[in-house]
Amino acid sequence: METTHIYPTEKLQKPAIISVLLFLFSFSLAQNKSNNISSVSDLIELKGFTQNYYYSSGHEERALKLAKLMEDAGRFYKEELGFTPEIKLFILAPQHWKSYAALPLHDVYGFPHNIDRVRLAVAAEDNDFWRSFLKNPGQLPNEMKRRVTAAYGTSAGDYSMEPFFDLLAIHEMGHSYTSQAGLKTHRYWMEELFVNIMLHTYIAEKKKNLLPALETFPDMVVNAGSTAYRYTSLADFEKLYQTMGMGPENYGWYQSMLHSQAKNIYNAGGKNVMKKLWKALKNNQNDMTDEEFAAMLSKEVHPSVAKVYLNWNRVK
Ligand SMILES: [Zn+2]
């Protein structure tokens, strides 16, 4: 499977590339021609919104919930960043997944992803993929068990990761902002960090009641430490990102770290960091060494953003 990461400058020359980007498994894949999404006739369109939302029959409630969340986030980003990308969100039942999802994810129902910078695919219902992230909640340390139960516990006494995966639709939408606005994110870790900063800033500013759903899962992974993971450096992340050569679980640790850093950055500098970082990534289109990149981030954005790179290897 050939893989390529997309930078905005490349997007005009390489239309046949899918960017598959998820909280846990974010990587880009060359589009296979058989992955041809040409019709939405088997889905229902949700009317009355500024973006396009299509859902599988029987899932109007979830479609409405996600559409309202996306629209609200879109208004916030328009106000803060002065930009609105084109978005088409597909909310899919298992029987429709294969026709819309990016080809390499045909068999991974529930894996939210940004198909081609405009189209996003998410699951309409709970699924094994979501459940796989919370295998033994009973074995967590007490305080974390309390938080996990508060964030993901259901009224039936079970757990569902749906509250977290709902928010990842905004993460995926974030990739449409960076790509359609022509930002140069310079490093893969920055592409992921930036959309996590977008997500965290919106939730913290406008949906505080959803912060536990956003923060608990990454905190659970980060608090468990990194000794179980083979790769922990940003250099390895850059090297292995395109092929996801670090494996899904190890990638999950990296993403959890980046979510956690996004939280720290927001807490250190507030919502203006998102705006300044947006401008800096728009204005600085020249190639930079790691050191130059960190210096630029510190000077033009906020020292907390540069620290993600400068302090990464001290975090274990
Ligand atoms: Zn992503």
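Here, the structure is the one placed above.
In this text, all values refer to a predicted model and were calculated from it rather than measured experimentally.

Here is what the cut-offs are and how they apply
Residues numbered from 1 in each chain as written. Predicted model: local features only at pLDDT ≥ 70, side-chain atom pairs only at ≥ 80, totals over all residues. Heavy atoms only, no water. 1 Å grid on protein atoms, 1.4 Å probe; cavity = no way out; pocket = protein on both sides within 12 Å on 5 of 7 lines; lining within 4 Å. Points joined across faces, edges and corners; volume = space filled by probe spheres on them. Helix = DSSP H or I, 4+ residues; strand = E, 2+ residues; numbered from the N terminus. Donors = N, O, S within 2.8 Å, 3.2 Å for Na, K, Ca; no water. Buried < 20%, exposed > 50% of the residue type's maximum accessible area, 1.4 Å probe, protein only. Phe/Tyr/Trp six-rings, centres within 6.5 Å; stacked < 30°, edge-to-face > 60°.

Enquirer: Which parts of the structure should I look at to understand empty space enclosed by the protein?
Expert: Which parts of space are left empty comes out when a probe the size of a water molecule is rolled across the atoms. Counted by the stated rule, this structure contains three cavities of 30 Å³ or more. The calculated volume of the second largest cavity comes to roughly 80 Å³. Among the elements of the structure, helix 6 (188-206), helix 7 (211-223) and helix 9 (248-269) are those that each provide at least two residues to the lining of the second largest cavity.

Enquirer: Is there a simple way to think about the coordination of the zinc ion in this case?
Expert: By definition of the ideal shapes, four donors in a tetrahedron about a metal sit 109.5 degrees apart, and six donors in an octahedron sit 90 or 180 degrees apart. Protein-derived coordination of the zinc ion comes from His-171 (NE2), His-175 (NE2) and Glu-192 (OE), at a distance range of 2.1 to 2.2 Å. The sequence pattern describing where the donors of the zinc ion fall on their chain is H-x3-H-x16-E. With His-175 in helix 5 (residues 162-180) and Glu-192 in helix 6, the pair connects residues that are 17 residues apart, well separated along the chain. Using a relative accessible area of 0% as the deciding quantity, one classes Glu-192 as buried.

Enquirer: Can you walk me through the packing of aromatic side chains in this structure?
Expert: Aromatic ring pairs: the centre-centre distance and the angle between the two ring planes describe each pair. Applying the stated criterion across every chain yields a total of 27 aromatic pairs. Ring geometry for Tyr-54 against Phe-90: centres 5.5 Å apart, planes inclined by 20 degrees, an arrangement best described as stacked. Residue Tyr-54 is found in strand 4 (residues 52-55), and its partner Phe-90 is found in strand 5 (residues 88-92); the two are separated by 36 residues along the sequence. With respect to burial, Tyr-54 and Phe-90 carry one shared label: buried. Measuring from ring centre to ring centre gives 5.8 Å for Phe-164 and Phe-165, while their planes differ by 90 degrees; the resulting arrangement is edge-to-face. Across this residue pair, the class does not change: Phe-164 and Phe-165 are buried. Clustering of aromatic rings is evident, with ring pairs tying together Tyr-188, Tyr-229, Phe-237, Tyr-241, Tyr-251, Trp-253, Tyr-254 and Trp-312.

Everything listed is a geometric property; what it means functionally is a separate question.
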